[in-house]
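# A look at the structure
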Amino acid sequence: MESIVGTYECKADSKGRMLLPSALKKQLDPVLHEGFVLKRSVFQPCLELYPMKEWNAVMAQMNGLNRFVKKNNDFIRRFTAGVKKIELDATGRLLIPKDLLTFSGVTKEVVMSSAISIIEIWDKDKYEQAIDEAAVDFAELAEDVMGTINNEGDGRIS
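### A few points about the overall build of the chain
- Counting its secondary structure elements, the chain contains 6 helices and 8 strands.
- For the chain, the α and β elements follow one another from N to C terminus as β-β-α-β-β-α-α-β-β-α-β-β-α-α.
- In terms of overall dimensions, the chain has C-alpha extents of about 50 × 40 × 30 Å along its principal axes.
- Counting every position in the chain, which comprises 158 residues, the buried fraction comes to 34%.
- Sequence separation of at least 24 residues holds for 55% of the intrachain contacts in the chain that already meet a minimum separation of 6.
- If you sum the accessible surface of the chain, you get close to 10000 Å²; carbon and sulfur atoms cover 54% of it.
- Taken as two groups, the 21 positive and 24 negative side-chain charges of the chain have centres that lie 11 Å from each other.

### Focus: the side chain of glutamate 48
- Among the secondary structure elements, glutamate 48 is positioned in strand β4 (residues 47-51).
- Residue class for glutamate 48 comes out buried when judged on its relative accessible area of 10%.
- Here the side chain of glutamate 48 touches serine 41 through a polar contact of 3.4 Å, side chain to side chain.
- Setting aside residues up to four positions removed in sequence, glutamate 48 forms contacts with Val37, Leu38, Lys39, Arg40, Ser41, Val42, Ile118 and Ile119.

### Looking at the sheet that holds β4
- Taken in spatial order, the 6 strands line up as β1-β7-β8-β4-β3-β5 in an open sheet, and their pairing is antiparallel. Because the sheet does not close on itself, it has two edges, and the strands there are β1 (7-11) and β5 (84-86). The average undirected angle you get between the axes of adjacent strands in this sheet is 30°.
- Where strand β3 (residues 36-40) meets β5, 3 bridges bridge the pair, whose relative direction is antiparallel. Within β5, the residue paired with phenylalanine 36 across the bridge is isoleucine 86.

### Notes on the packing of aromatic side chains
- Under the defined criterion, the tally for this structure stands at 4 aromatic pairs.
- Pairing tyrosine 50 with tryptophan 55 gives two aromatic rings, centres 5.3 Å apart and planes at 80°, and the pair type is edge-to-face. There is no split in this pair, since tyrosine 50 and tryptophan 55 are both buried.
- Ring pairing ties together the aromatic residues Tyr50, Trp55, Phe75 and Phe79, which thus form one cluster.
- The ring of phenylalanine 79 carries the charged tip of lysine 39 above its face, separated from the ring centre by 4.0 Å.

### What about the nonpolar core?
- Residues Met18, Ile96, Met112 and Ile121 are the most contacted members of the largest nonpolar core, which totals 23 residues.
- Residue assignment for this core shows that the elements contributing at least two residues are β1, α1 (22-28), β3, β4, α4 (98-104), β7 (109-115) and β8 (118-123).
- Ignoring any residue separated from it by four or fewer positions in sequence, one finds methionine 18 in contact with Cys10, Lys11, Ala12, Gly92, Arg93, Leu94, Ile96, Val110, Met112 and Ile121.
- Met52, Trp55, Ile76 and Ile118 belong to the second-largest nonpolar core, a separate cluster that totals 9 residues.

### Digging into the pattern of salt bridges
- Counted by the stated rule, this structure contains 8 salt bridges.
- A salt bridge links arginine 17 to aspartate 13; the nearest nitrogen and oxygen atoms lie 2.7 Å apart.
- In this structure, a network of salt bridges that share partners links the residues Lys70, Asp74 and Arg77.

### Comments concerning the pairing of β4
- Within β4, 5 of the 5 residues are buried, leaving the element largely enclosed by the surrounding structure.
- Of the two faces of β4, the one holding Leu47, Leu49 and Pro51 and the one holding Glu48 and Tyr50 are both buried throughout.
- Bridging between β3 and β4 involves 5 bridges; their strand directions are antiparallel. Note on β4: the bridge partner recorded for phenylalanine 36 is proline 51.
- Connecting β3 to the next strand, β4, in antiparallel fashion are 6 residues.
- Sheet analysis places β4 next to β8, joined by 3 bridges and oriented antiparallel. The partner of leucine 47 across the bridge, within β8, is isoleucine 121.

Calculation rules
- Residues numbered from 1 in each chain as written.
- Predicted model: local features only at pLDDT ≥ 70, side-chain atom pairs only at ≥ 80, totals over all residues.
- Heavy atoms only, no water.
- Helix = DSSP H or I, 4+ residues; strand = E, 2+ residues; numbered from the N terminus.
- Buried < 20%, exposed > 50% of the residue type's maximum accessible area, 1.4 Å probe, protein only.
- Contact = heavy atoms within 4.5 Å.
- Areas by Shrake-Rupley, 256 points an atom, 1.4 Å probe, with all protein chains shown as cover.
- Lys, Arg positive; Asp, Glu negative; His and termini not counted.
- Charge placed at Lys NZ, Arg CZ, Asp CG, Glu CD.
- Polar contact = N/O pair within 3.5 Å; in protein donor to acceptor, adjacent residues only side chain to side chain.
- Pairing = 2+ DSSP bridges.
- Axes fitted to C-alpha atoms, helices over the stretch in contact; angles between N-to-C directions.
- Phe/Tyr/Trp six-rings, centres within 6.5 Å; stacked < 30°, edge-to-face > 60°.
- Lys NZ or Arg CZ within 6 Å of the ring centre and 35° of its normal.
- Core = buried A, V, L, I, M, F, W, Y, C linked by side-chain atoms within 4.5 Å.
- Salt bridge = Lys/Arg side-chain N within 4 Å of Asp/Glu carboxyl O.

Spatial relationships are all this shows, so hold off on functional conclusions.
Following this line, the structure appears as structure tokens:
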């Protein structure tokens, strides 16, 4: 699985269960049996759903950090705070644990948005607000982040 594509709206019930949209489920089909890790986002009030293979790759990077450096130890603790292993039930639903529901503010209307190899799970109103706020300076951000990438020498990004 190279990348996940799309933004999907769905609903969560009062217990935090939500049905994975069928188009998203099809993309994740090769990794559904491996399970997922659900965690708090570092920068936004949303959740991040990692396919297990992606989570293991991130953990391999973090395992290279020296735990005897306080900054590294603090980062690891904060990054993994509230982490939960998640599997879909027989009907294709995932359950968001209460502590992660509280952190994200997810209630009923939910947006699941691809972020390359993970999925962000947002309360719909918070997602719309974050997109609106980012639109103000997106051109400058795009130039800062992507403007120096030129792997082909012909102006294309790759």
